[in-house]
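Coordinate inspection notes
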Amino acid sequence: MSGGTRLENANPLIFQRSGERLFTATDEDEDVADPIDDREIFDLIRSINDPEHPLSLEELNVVEQMRVNVSLICEHLSIYLKFFSIVLSLYRVFLPEQVNDEDSTVSVEFTPTIPHCSMATLIGLSIKVKLLRSLPDRFKIDVHITPGTHASEDAVNKQLADKERVAAALENSQLLEVVNQCLSTRTM
C-alpha cells in the first residue's frame, strides 16, 4: 500500500483468518449488560490493512486475539480478593452486573512481521486510532509491541503511549491519510 517500490518483507507468511464471531440472543439483547470483551476488540482491529501489503493485520499475524486484553474494574474488587476461594463461582455469576467499565483498559500487543519493520509505529498508530474512534472515551487504550519482537520496541512503545505525540501525528494530514487508508475497508 505504500508508495515505495522496495518492500522490507517481500514474502511475508500469510495466516488464515479466524472465523467470524457467532452472536447469541443474549449478545443482541439490549437489556442484558454486555461488557466489551477481548473478542470484540479483536474484531475491531483484525481487518486493519497492513501499510505495506494488501493484507490485513490478522492475515499477517500482526494481531491475534490472545494478545488482546480488556481489564474491567469491578466495584467489589476488594471483596472479591478477600473471599476469592469461597466466592469465586458466585462472583462470576454476578460479574456482568457489577462491572464498572469507567476505569477499564484495553491493551493490545502487536507483532511486526520482521524485527526491523519501519512500519511498526504506523501499524501501532492505526490500531490506536481505530480503538479511539470505536470505543467510548472512558476506556484507557494501551497499544504496544509484543516484547522481544522488534529492534526498536522501547522507542515505538514510548511514541504510542505519549498522548501528545499521537495527537501531533494525527494533525499531520499526510500521515492521517495513510492511517485512514489502513483503516479503510479493503475491496476483494
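Summarised in this report is the structure supplied together with it. (Residues numbered from 1 in each chain as written. Predicted model: local features only at pLDDT ≥ 70, side-chain atom pairs only at ≥ 80, totals over all residues. Heavy atoms only, no water.)

1. Examining the environment of Ile141
- Among the structural elements, Ile141 can be located in strand β3 (residues 140–145).
- Ile141 gets classed as buried once you look at its relative accessible area, which sits at 10%.
- With residues up to four places along the chain from it excluded, the contact list for Ile141 reads Val106, Lys128, Leu131, Leu132 and Leu135. (Helix = DSSP H or I, 4+ residues; strand = E, 2+ residues; numbered from the N terminus. Buried < 20%, exposed > 50% of the residue type's maximum accessible area, 1.4 Å probe, protein only. Contact = heavy atoms within 4.5 Å.)

2. Structural notes on unusual backbone geometry
- One non-glycine residue, Asn61, lies in the positive phi region at around 60°.
- Of note, Asn61 is situated in the loop between α2 (38–45) and β1 (68–74).
- The class of Asn61 is partly exposed, set by a relative accessible area of 24%.

3. Considerations on the environment of Glu109
- The residue Glu109 is located in strand β2 (residues 99–110) in this model.
- Taking the C-alpha atoms as reference points, Glu109 and Ile127, separated by 18 residues in sequence, lie 9.9 Å from one another.
- Setting aside residues no more than four positions away along its own chain, Glu109 makes contact with Val62, Arg67, His144, Thr146 and Pro147.
- A distance of 3.5 Å separates polar atoms of two side chains, one belonging to Glu109 and the other to His144. (Polar contact = N/O pair within 3.5 Å; in protein donor to acceptor, adjacent residues only side chain to side chain.)

4. Some points on empty space enclosed by the protein
- By the definition in use, this model includes one cavity of 30 Å³ or more.
- Looking at the largest cavity, its volume works out to about 50 Å³.
- Lining the largest cavity are Asp50, Pro51, Glu52, His53, Leu60, Val62, Pro112, Thr113, Cys117, Met119 and Ile123. (1 Å grid on protein atoms, 1.4 Å probe; cavity = no way out; pocket = protein on both sides within 12 Å on 5 of 7 lines; lining within 4 Å. Points joined across faces, edges and corners; volume = space filled by probe spheres on them.)

5. Some details on the pattern of salt bridges
- Enumeration according to the criterion identifies six salt bridges in this entry.
- Residues Arg46 and Glu58 are paired through a salt bridge, measuring 3.0 Å at the closest nitrogen-oxygen approach. Here Arg46, found in the loop between α2 and β1, pairs with Glu58, found in the loop between α2 and β1; they are twelve residues apart in sequence, far enough to count as distant.
- Asp162 is the salt-bridge partner of Arg165, the closest N and O atoms lying 3.6 Å from each other.
- Among the residues examined, Arg165 registers a relative accessible area of 40% and is labelled partly exposed.
- Among the residues examined, Asp162 registers a relative accessible area of 27% and is labelled partly exposed.
- Among the charged side chains, a salt-bridge network with shared partners connects Arg39, Asp43, Arg46 and Glu58. (Salt bridge = Lys/Arg side-chain N within 4 Å of Asp/Glu carboxyl O.)

6. What to know about the nonpolar core
- Counting residues in each nonpolar core, the largest one holds 36 residues, and the members touching the most others are Ile41, Phe110, Ile127 and Leu131.
- Mapped by element, the contributors of at least two residues to this core are α2, β1, β2, α5 (120–134), β3, α6 (153–161), α7 (163–171) and α8 (173–183).
- With seven residues, α5 is the single largest residue contributor to this core.
- Sequence-distant contacts of Ile41, defined by excluding residues within four places in its chain, comprise Ile36, Val68, Val70, Val106, Val108, Leu131 and Leu135. (Core = buried A, V, L, I, M, F, W, Y, C linked by side-chain atoms within 4.5 Å.)

7. Here's the deal with α5
- Compared with an ideal rise of 1.5 Å per residue, which puts 15 residues at 21 Å, α5 spans 21 Å between its outermost C-alpha atoms and is within 8% of the ideal.
- Every buried residue belonging to α5 is among Ala120, Leu122, Ile123, Gly124, Leu125, Ser126, Ile127, Lys128, Val129 and Leu131, and all of these are buried. (Expected span 1.5 Å × (residues − 1).)

8. Examining α8
- Among the residues of α8, Val179, Cys182 and Leu183 are the ones counted as buried. In a view along the axis of α8, the buried residues occupy a sector of 95°, so they form one face of it. Opposite its buried face, α8 presents the exposed residues Ser173 and Gln174, each directed more than 90 degrees away.
- Taken together, the buried residues of α8 touch α5. (Arc of directions from axis to C-beta.)

9. Here we look at the layout of surface pockets
- Estimates place the volume of the largest pocket at around 320 Å³.
- Lining the largest pocket we find 16 residues, and of these Lys128, Leu132, Lys140, Ile141 and Lys163 sit closest to its centre.
- Of all the secondary structure elements, the ones that give two or more residues to the lining of the largest pocket are α5, β3, α6 and α7.
- With four residues, β3 is the single largest residue contributor to the lining of the largest pocket.

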